[in-house]
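# Reading the structure
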Amino acid sequence: MKIESRIQGTRMVVQVNGRLDAAWADLLLGTVRDLVREGHHQVRLDASGLEYLSSAGIRSLLKIRRELEAVSGSFGIAPAAPFVQETLRMSGLEALLLVGEEMPADAAEPAAGDNADSGTETSAETVAKTGASPSAVRFEEHILDLLGAVTVTAHAGWRPWQQVLDGACLEVPLSRPRFGLGIGAAGRDAEDIRSRLGDFVAAAGSVAWLPSDGADRPDYLVQNERFLPQLNAIQSLVGEGKFSHLLRFSPAASNACVTLSDLYEQVLRTTRADAAALVCLAEVEGLVGASLARSPGCIQASDQPGEFPELREWLSFCGERVHHQSQVLVVAFFCRDPSHLLAAHLAPVPSRPGLLAHAHAVVLPFRPLPQGVLDLDASVATVFDDNTPLALLHLIDDDRPAVGLGESAFIRGACWCAPIHDLTHITT
Amino acid sequence: MLDLRHIHKTFFPGTPNEVQALCGIDLLIPEGTFAAIIGTNGSGKSTLLNAVAGAFDLDQGAIHIDGKNISAWPEYRRASLIGRVFQNPFAGTAAEMTLAENLALSMRRGCRRGLGLALHRSARTEIADRVRSLNLGLENRLDNPIGTLSGGQRQALTLLMATWLRPRLLLLDEHTAALDPKSAAQVAELTLTIIRREKLTALMVTHSMPQAVQLPDRIIMMHKGRVVRQYEGQEKSRVRVPDLLAAFDQVRRREQLDPAVAHLLHNQYA
């Protein structure tokens, strides 16, 4: 089988010639998935050159249709060879898969790598602007709530790399609409989680953390009906409130990506604030980060976990840019005012002097996001639905000369953000 | 029971080719435990097996089997306690001798040998019974030269020979690595059957992660001459191949955490 793709108007047309059977169905599915990953959500299949269509082929077409519907895209076959029309008609799938050849382009639904044309949003609640950043990434700014702002609750029951004292642990509710990051674990009480404390990230009722008991895989809790997720944490930054903006970003040129500090700067510009918070769902270009390898709860008075080489036992560094093309949920708090109360909970971003930040990210298998304005709760729920987290990292800006890995970067995604208007410190 | 205490071995010391092969290995393998050793090339897996078998003298440390300190015993003397199966299926048998003759040798391993017939009738009967238990149909080919058998069949017979006298310790050095996938699976299954039936204490080196997950009671991960991680009990029962690969990756990442990275993390891991 031969598969070719071309952009036609606002649609991506995939032309298939030859046999679409069990041997080729997965290849077609993979090809279309790659196109969807690149942002092409309006797909037409040109089946005029198809010579054979088996049930395996039909199943792949139905799968493509379902996956595109999940991201508010569309899929149809046009034109189709007569036998294809007949096969689909006999299968009762004509209405689902066949579309008229003269079907007008869907102007209200910008498609496929079509962000260059998507300059305006007409919705009453949103206003969109476009502009290319210096790194050739296109941002769309959507105003969600002009008065949107978040209050941050900061708890530093533990400071690296001291012993965890009795009473350092705090029960932190992480149900919607809270979002946050820190070091904690799920368990009965402080003693129960002492040997499992790890980095965590939470947003929209989903909480993921990396237990440091050797499990090497993130665990997670998802809010469901009366179940409200919470962790016992020794360190946490939790935001609550309304997001003021949604930033959608995508590459304006091939291989373009947005770095985490680009995102911080864009959010601070957009929110016109000195301190802000963000929750971001994005496709990963590369992540750089570290995570706890041993629980801080196990630090003894004689240990020096913050010093090399003992640090190796306590922290795991990624060593290379990781998780390319996976999906990531990032929560970050950042400011550019060192005198801001939040600054005590942040660390300098070496590649952007003056900027301070704290960001955690949970990595999941890739799932495409619909275009336009997204609801955070629904988007995060979709990402976690039947999807197991792969890794969890405290993001690091590695600016070492020559050998540095740089900072984490993203290809495309959605970033909900708001200025921080209040900060509460909790002491334990 | 195998008890390794602070084993050190450096090859070519004081030369440009110096290799610290074993760096302070402490291991206790209780009676009846089947342990697998995994690790990258050069991690010291096979060196550890050779150290236990007595292929070279240790620089430091002691080896105990069932409470006996065998550190000073020569290799041939340790053979009375240890059964070994090597990676090469042609290494453990004499190709020109028949199956029955090869097996008769293993029947009398560690015993005084005279000029009497090794293959008397009762011995043949016992050999046929044991070979039949392999379910390979070889009991009818006892008089064929063992060199006429396939690699998998020879390795199965080598395993039978190594365990004939129920050794106090069985050493398996990548004993399925040179076999085709189907034979490797058969020999692996046979290994587990024999170890469980005879309640043997066994140490197996393998590069096969599925084997390491499926066969043993305990997994020992080695890297650069050290034991870096062990999986046993509940942790072993839940471990899967991707977990082992992730653990190797973690070991590799740990090495990349040099003083410069430590400084970076010290500043940014708030």
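Starting from 1, residues in each chain are numbered consecutively following that chain's sequence as written. All chains are assigned letters beginning with A, and all ligands numbers beginning with 1, in the order in which they are written. Given that the model is predicted, a residue must reach a pLDDT of at least 70 before its local features are reported, and side-chain atom pairs must reach 80 or more before they are shown or counted; all residues, however, enter totals for whole chains, interfaces and linings.

### Details of the sheet that holds strand β1 (residues 2-8) of chain A
Residues and elements named next belong to chain A. A pair of strands is labelled paired if DSSP reports no fewer than 2 bridges between them. Secondary structure elements follow DSSP: runs of H or I of four or more residues count as helices, runs of E of two or more count as strands, with numbering from the N terminus. The four strands lie next to each other as β1-β2-β3-β4, forming an open sheet whose pairing is mixed. Of all the strands in the sheet, just β1 and β4 (74-80) have a single pairing partner and so form its edges. Each adjacent strand pair in this sheet contributes to an overall mean axis angle of 25°, direction not counted. As defined by bridge partners, strand β2 (residues 11-20) adjoins strand β3 (residues 42-53) across eight bridges and the pair is classed as parallel. Here an axis means a line fitted to C-alpha atoms, over the contact stretch when the element is a helix, while the angle between two N-to-C directions is reported on a 0 to 180 degree scale.

### Quick look at the environment of B:W73
All names here are of chain B. Here W73 lies in the loop between β5 (68-69) and α2 (75-78). Separated by 133 residues in sequence, W73 and T206 place their C-alpha atoms 26 Å apart. If we skip the residues at most four places from it in the chain, W73 touches G54 and R78. This entry defines residue contacts through backbone-placed C-beta atoms, with two residues in contact when those atoms are within 7 Å.

### Let's talk about the nonpolar core
Only buried residues count toward a nonpolar core: Ala, Val, Leu, Ile, Met, Phe, Trp, Tyr and Cys, linked into one set through C-beta atoms within 7 Å. Each residue is classed by its C-beta neighbour count within 10 Å, where at least 20 other C-beta atoms makes it buried, 12 or fewer makes it exposed, and intermediate counts make it partly exposed; the C-beta atoms are placed from backbone geometry. With 111 residues, the main nonpolar core has A:L278 and A:A361 as its most contacted residues. Other than its neighbours up to four places away in sequence, A:A361 contacts A:V201, A:L287, A:G289, A:V328, A:L329, A:V330, A:L393 and A:L395.

### Focus: the domain arrangement of chain A
Domain boundaries shown here were taken from an automatic or database domain assignment. Partitioning chain A into structural domains gives domain 1 (2-113) and domain 2 (128-426). Gly counts as polar in this scheme, as do all residues outside two lists: the nonpolar Ala, Val, Leu, Ile, Met, Phe, Trp, Tyr, Cys and Pro, and the charged Asp, Glu, Lys and Arg. A class-by-class count of the residues in the side of domain 1 of chain A that touches domain 2 of chain A yields three nonpolar, three polar and one charged.

### Overview of helix α6 (residues 181-198) of chain B
In an α-helix there are 3.6 residues to a turn, and that puts residues three or four apart on one side. Residue and element names in this part refer to chain B. Under the convention used throughout, the expected extent of a helix is 1.5 Å for every residue step, that is, one less than its residue count. An ideal rise of 1.5 Å per residue puts 26 Å on 18 residues; α6 measures up with 26 Å between its terminal C-alpha atoms. Where α6 is buried, its residues meet β3 (34-39), α5 (151-163), β7 (169-173), β8 (202-205) and α7 (209-214). Positioned one or two residues after α6, K199 has a phi angle of 50°, which is positive.

### Observations regarding the sheet that holds strand β1 (residues 2-11) of chain B
Residues and elements named next belong to chain B. The strand order across the open sheet formed by four strands is β2-β1-β4-β5, and the pairing between neighbours is antiparallel. What marks the edges here is a single partner per strand, and that holds for β2 (19-29) and β5. Of the pairings in the sheet, the one linking β1 to β2 comprises eight bridges and is antiparallel in character. Of the residues in β2, the one forming a bridge with L4 is L27. The strands touched by helix α1 (residues 45-53) within the sheet are β1, β2 and β4 (60-65), with β2 carrying the most contacts at an inclination of about 65°.

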